[in-house]
Structure formats: structure tokens, C-alpha cells
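# Summary of structural features
Chain residues, written in single-letter form:
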Amino acid sequence: MSKVSDPGLLVLQALRVKGFVDTETVAETVGLSQEDSLEMLNQFAEDGMASYREGRMVGWMITPEGRTFGEQLLANEVNNLGIRPEIETAYKEFSQLNDDFKELCTDWQLKPSTDESEGEQVLNDHSDPDYDKGVIDRLVELDKQTQPMCASLAEQLERFASYGSRFTHALERVLEGDTDWIAKPMMESYHTVWFELHENFFSTLGIDRASEST
């Protein structure tokens, strides 16, 4: 049975993987009421583990102290539950797919030049439907490989359970014709969810992002 994480860990992890979020997003991510989420966030702020920014953009961020404390909680969780090997196996599968996904995103943004400049790429203006369809077809195939890994993760920890459905939702929107859902930032695009899952792996397994090409 999938294990449910401590609410405090979930709140800190939401800040970690999302970077900068409002209270409502934290509540939706961790499955708590906004009141309970705000109470936890305020407590973390008092303890120096989170900070709140006001102004043009309003939201919460994790502090270096919060990152360190959160990593301790995450390490304790996977070790105490005895599921580190399973998470590491899923991460290896993810890493094998990551290069393909990065290449796919690059090919969505750039395409080979139509002149005789061998190896040259130009900005993809999406005027070639056959080229774009080829990239989207690759995303469909990558998703087929990603879903079993997501299902395996969900069996281990409840906090990983949403990734499969989030990928599915993004892909469905792409197939409906809204290609912003491939890689557009500041929305639940396939790339955004992929990046969050990557960060979740890093923090859960104590991997330094700077030490690994992403």
C-alpha cells in the first residue's frame, strides 16, 4: 500500500519542487485546507525554513535552512520505510528517459535548416505540421514508457501519485491541439511536470542537481 507522508514534509516539499507558490497552490498540492497550509507555512517562516514575498509577485519560497531540514525528513522517510531501492530503481528509469525528453523539447523549439547548412538549426515556427507531428508522436511514445514508472512510484509513496495523471492531462491537451502544453513555463505543461518530478527525485534521494546534467 502507498505510504502517506507527514504533512510538514509535504508542505516543505511543495515549496522545494515548485520554487515559488501561493498558499492555495500549496494546499492543492499537499491535499490540506488553505487554513491548515497557511498555519504550517507561517510556522515554517517563524522557524526560518520558508519566506513570504510580497509585491508584484506574492508567494512562498523555501530557504536554505528549509531545504536542509526537508532533505533530512525525506532521507528519514525513505530509509525508515525501507523503500530507497525502489525509488532509486524508478530514478534510473527516469534518467534513461530524460535525455530523450530533453532532445524532444529541443526539437520542438528548433528544427533543421532548410538551406544547405549541414547541422544548422533554426527556430521552429511551427509552419511544418508534419515536423511538429513527428515530435508529438515521440512525446506519445515517451509517455507510454513514463507511465509504468509513475505507477511504480505511486505504489511506494502517495506524494508521487499525481505525476502519472498530470502527464496524461498535459498530453491530452497537446493531442487536442493546444501545443503550449508541451513545454510552456508557468503552466502545468508536460515539461513543467517533468521538471518537478526530476526535482522530487533529487531531493528524495539526496542528489545534488549541480552534479548532474539536467
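Read on for an overview of the structure. (Residues numbered from 1 in each chain as written. Predicted model: local features only at pLDDT ≥ 70, side-chain atom pairs only at ≥ 80, totals over all residues. Heavy atoms only, no water.)

Glancing now at the packing of helix α5 (residues 84–109) against helix α6 (residues 129–156). The description of two helices packed together rests on the angle between their axes and the distance between the axes. Where α5 contacts α6, the two axes come as close as 10 Å, and the packing angle between them is 165 degrees. Here α6 runs roughly antiparallel to α5, going by the angle between their axes. Viewed along their axes, α5 and α6 form a crossing whose handedness is left-handed. Between α5 and α6, the contacting residues are E86, I87, A90, E93, F94, L97, D100, F101, E103, L104, D107 and W108 on the first element and Y131, D132, V135, I136, R138, L139, L142, Q145, T146, M149, L153 and Q156 on the second. Here the residues of the contact of α5 with α6 are counted per class, giving 14 nonpolar, three polar and seven charged. (Axes fitted to C-alpha atoms, helices over the stretch in contact; angles between N-to-C directions. Helix = DSSP H or I, 4+ residues; strand = E, 2+ residues; numbered from the N terminus. Parallel < 35°, antiparallel > 145°, perpendicular 65-115°, else oblique. Left-handed = near helix turned anticlockwise from the far one by under 90°. Contact = heavy atoms within 4.5 Å. Nonpolar A, V, L, I, M, F, W, Y, C, P; charged D, E, K, R; others polar.)

Taken together, the four bridges between strand β1 (residues 50–53) and strand β2 (residues 59–62) define a ladder with antiparallel strand orientation. Bridging across to β2, S51 finds its partner in M61. Here β1 folds back onto β2 in antiparallel fashion, the turn holding five residues, of which G55 has a positive phi close to 125 degrees. (Pairing = 2+ DSSP bridges.)

Before going further, it helps to spend a moment on the side chain of E199. As for its position among the elements, E199 is in helix α9 (residues 190–205). The class of E199 is buried, set by a relative accessible area of 8%. Engagement of the side chain of E199 in a polar contact is seen with the side chain of R16, the distance being 2.7 Å. Ignoring sequence-local partners within four residues, the contact set of E199 consists of R16, V17, R67 and R209. (Buried < 20%, exposed > 50% of the residue type's maximum accessible area, 1.4 Å probe, protein only. Polar contact = N/O pair within 3.5 Å; in protein donor to acceptor, adjacent residues only side chain to side chain.)

This part is about the packing of aromatic side chains. Under the criterion given, the structure shown has 12 aromatic pairs. Judged by centre distance (5.8 Å) and plane angle (55 degrees), the rings of F167 and W194 are tilted. Of this pair, F167 sits in helix α7 (residues 163–175) while W194 sits in helix α9, and the two are 27 residues apart along the sequence. Across the pair, W194 and F167 agree in class, each one buried. Taken together, the ring pairs connect Y91, F94, F101, F160, Y163, F167, Y190, W194, F201 and F202 into an aromatic cluster. (Phe/Tyr/Trp six-rings, centres within 6.5 Å; stacked < 30°, edge-to-face > 60°.)

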